[in-house]
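Architecture and fold: a report
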Amino acid sequence: MLEIKDLNVSYGAVHAIKGVSLQVNDGEIVSLIGANGAGKTTILRTISGLEKATDGTILFDGHDLRKTTPSKIINLKLAHVPEGRHIFAQMTVEENLEMGAFADGKEKGKAMEDVFERFPRLKERRRQLAGTLSGGEQQMLAVGRALMAKPKMILMDEPSMGLSPLLVKEIFSIIKEVNQKGITILLVEQNAKMALSISNRAYVLETGKISIEGSAKDLLNDERVKKAYLGQ
């Protein structure tokens with residue numbers, strides 16, 4: 001579904017992403033793990049058109065994303081849940097969800113029903129200002145907003161950041177459920193152990209390069225990964 005070949009991204013003199021190649025197949029959860037500053041968020045932002053690649057290929061469902069604007073990328077059914085959630089704090093829960101449906105307004109009512117069925121807490125708070133929600137509820141809202149676009153694939157950037165251990169488990173349970181409904185996921189996550197536990201495959205990114213790749217199970221048992229990212 002997503003194929004990246006020899007991706008390079010530079011910020012002026014800084015070569016942030018160095019020849020990265022990866023793929024995500026239909027129906028998979030694929031994790032991208034690595035230390036802060038390794039370039040994980042840059043890769044997601046480049047896929048969704050928010051950053052410009054200096055070289056390489058990004059194909060999604062046969063479409064060349066390097067030649068596609070961010071708004072048209074959403075129309076291709078590729079959604080992005082950004083790091084830090086970026087909800088609209090002064091808008092209600094319902095209004096935030098409506099913003100996620102601008103690419104396909106005809107299905108807005110049904111899409112919102114589906115989101116409320118998956119996240120009953122959002123339904124209870126539908127008239128509440130999004131900025132007054134708890135951190136976990138804001139993350140649910142960010143995922144719900146992405147689901148409003150009826151995506152084939154979601155890019156998720158640090159969904160567990162800043163959440164309590166109990167909420168982290170809940171968010172990962174939600175990610176698994178979303179995937180089981182047929183949505184492919186590329187997941188960037190600091191919590192490597194949790195990410196690998198729900199993934200099919202994974203890549204380790206170090207200073208802008210892929211250093212290790214394989215099945216999630218293999219990476220969970222890889223001594224290098226254990227030492228660097230799993231605290232073992």
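Residues numbered from 1 in each chain as written. Predicted model: local features only at pLDDT ≥ 70, side-chain atom pairs only at ≥ 80, totals over all residues. Heavy atoms only, no water.

Next up on the list: the overall build of the protein. The secondary structure content of the protein amounts to 10 helices and 10 strands. Computed over C-alpha atoms, the radius of gyration of the protein comes to 17 Å, within 12% of the 17 Å expected from 2.2 N^0.38 for 232 residues, which places it in the range of a compact globule. By principal-axis analysis of the C-alpha atoms, the protein measures approximately 45 × 40 × 30 Å. Taken across its 232 residues, the protein has 50% of its residues classed as buried. Residue pairs in contact within the protein that sit at least 24 positions apart in sequence constitute 66% of those at least 6 positions apart. Between the centroid of the 32 positive side chains of the protein and the centroid of its 29 negative side chains there is a distance of 1 Å. (Helix = DSSP H or I, 4+ residues; strand = E, 2+ residues; numbered from the N terminus. Rg over C-alpha atoms; globule rule 2.2 N^0.38 Å. Buried < 20%, exposed > 50% of the residue type's maximum accessible area, 1.4 Å probe, protein only. Contact = heavy atoms within 4.5 Å. Lys, Arg positive; Asp, Glu negative; His and termini not counted. Charge placed at Lys NZ, Arg CZ, Asp CG, Glu CD.)

For the rest of this paragraph, the subject is the pairing of strand S7 (residues 153-157). Burial of S7 is extensive: five of the five residues sit out of reach of the surface. Residues Met 153, Leu 155 and Asp 157 point to one face of S7 and Ile 154 and Met 156 to the other, with burial holding for every one of them. In terms of strand pairing, strand S6 (residues 78-81) meets S7 through four bridges, oriented parallel. Residue His 80 lies in a different strand from S7, and its bridge partner there is Leu 155. (Pairing = 2+ DSSP bridges.)

Taken together, the four strands give an open sheet; going across it, the order is S2-S1-S4-S5, and neighbouring strands pair in antiparallel fashion. What marks the edges here is a single partner per strand, and that holds for strand S2 (14-24) and strand S5 (63-64). Here helix H1 (residues 40-47) sits on the sheet and contacts strand S1 (2-11), S2 and strand S4 (55-60); the angle it forms with S1, its principal contact strand, is near 110°. (Axes fitted to C-alpha atoms, helices over the stretch in contact; angles between N-to-C directions.)

Right, let's talk about the packing of helix H6 (residues 135-147) against helix H7 (residues 165-180) for a bit. For the pair H6 and H7, the least separation of the axes is 10 Å and the interaxial angle reads 15°. In terms of orientation, H6 lies roughly parallel with respect to H7. Helix-helix and strand crossings are classified by hand; for H6 and H7 the assignment is right-handed. Each of Gly 136, Gln 139, Met 140, Val 143 and Leu 147 in H6 lies in contact with H7, whose residues at this interface are Leu 167, Glu 170, Ile 171, Ile 174 and Val 178. (Parallel < 35°, antiparallel > 145°, perpendicular 65-115°, else oblique. Left-handed = near helix turned anticlockwise from the far one by under 90°.)

Further remarks concern the environment of Leu 76. Position of Leu 76 relative to the elements: it lies in the loop between helix H2 (70-75) and S6. Between the C-alpha atoms of Leu 76 and Met 153, which are 77 residues apart in sequence, the distance is 9.5 Å. Look past the residues within four positions of Leu 76 in its chain and what remains in contact with it is Phe 60, His 63, Leu 65, Thr 68 and Lys 152.

Right, let's talk about the side chain of Glu 158 for a bit. Along the chain, Glu 158 falls in the loop between S7 and H7. In this structure, Glu 158 is buried with no salt-bridge partner, the nearest side chain bearing the opposite charge being Lys 40 at 4.3 Å. (Salt bridge = Lys/Arg side-chain N within 4 Å of Asp/Glu carboxyl O.)

Attention shifts here to H6. Compared with an ideal rise of 1.5 Å per residue, which puts 13 residues at 18 Å, H6 spans 19 Å between its outermost C-alpha atoms and is within 8% of the ideal. Within H6, 12 of the 13 residues are buried, which leaves it mostly tucked inside the rest of the structure. Every buried residue of H6 is accounted for by Gly 136, Glu 137, Gln 138, Gln 139, Met 140, Leu 141, Ala 142, Val 143, Gly 144, Arg 145, Ala 146 and Leu 147. Elements that come into contact with the buried residues of H6 comprise S6, helix H3 (93-99), helix H4 (108-118), helix H5 (120-124), S7 and H7. (Expected span 1.5 Å × (residues − 1).)

This next bit is on the side chain of Arg 201. If you trace the backbone, Arg 201 turns up in strand S9 (residues 201-206). You can call Arg 201 buried: its relative accessible area is 19%. A polar contact is formed between the side chain of Arg 201 and the backbone oxygen of Gln 23, at a distance of 2.6 Å. Of the polar contacts made by the side chain of Arg 201, one reaches the side chain of Glu 28; its length is 2.9 Å. Aside from chain neighbours lying at most four places away, what touches Arg 201 is Gln 23, Val 24, Asn 25, Glu 28, Ile 29, Val 30, Ser 31, Gly 214, Ser 215 and Ala 216. (Polar contact = N/O pair within 3.5 Å; in protein donor to acceptor, adjacent residues only side chain to side chain.)

Okay, the confidence of the model for the protein next. Per-residue confidence for the protein gives a mean pLDDT of 91, with 97% of residues at or over 70. When pLDDT is averaged over each helix and strand of the protein, the minimum, 86, is found for H4 and the maximum, 97, for strand S8 (residues 184-188). (pLDDT = per-residue confidence, 0-100.)

In the structure shown here, the tally under the stated rule is 14 salt bridges. Lys 150 is paired through a salt bridge with Asp 114; the nearest N and O atoms lie 2.8 Å apart. With Lys 150 in the loop between H6 and S7 and Asp 114 in helix H4, this residue pair connects regions lying 36 residues apart in the sequence. On the basis of relative accessibility, which here comes to 25%, the residue Asp 114 falls in the partly exposed class. A salt bridge links Glu 170 to Arg 121, with the shortest nitrogen-to-oxygen separation between them at 2.2 Å. Placement of Glu 170 in helix H7 and of Arg 121 in helix H5 is noted, with a sequence separation of 49 residues between them. If you follow the salt bridges from partner to partner, you end up with Glu 94, Arg 126 and Arg 127 in one network.

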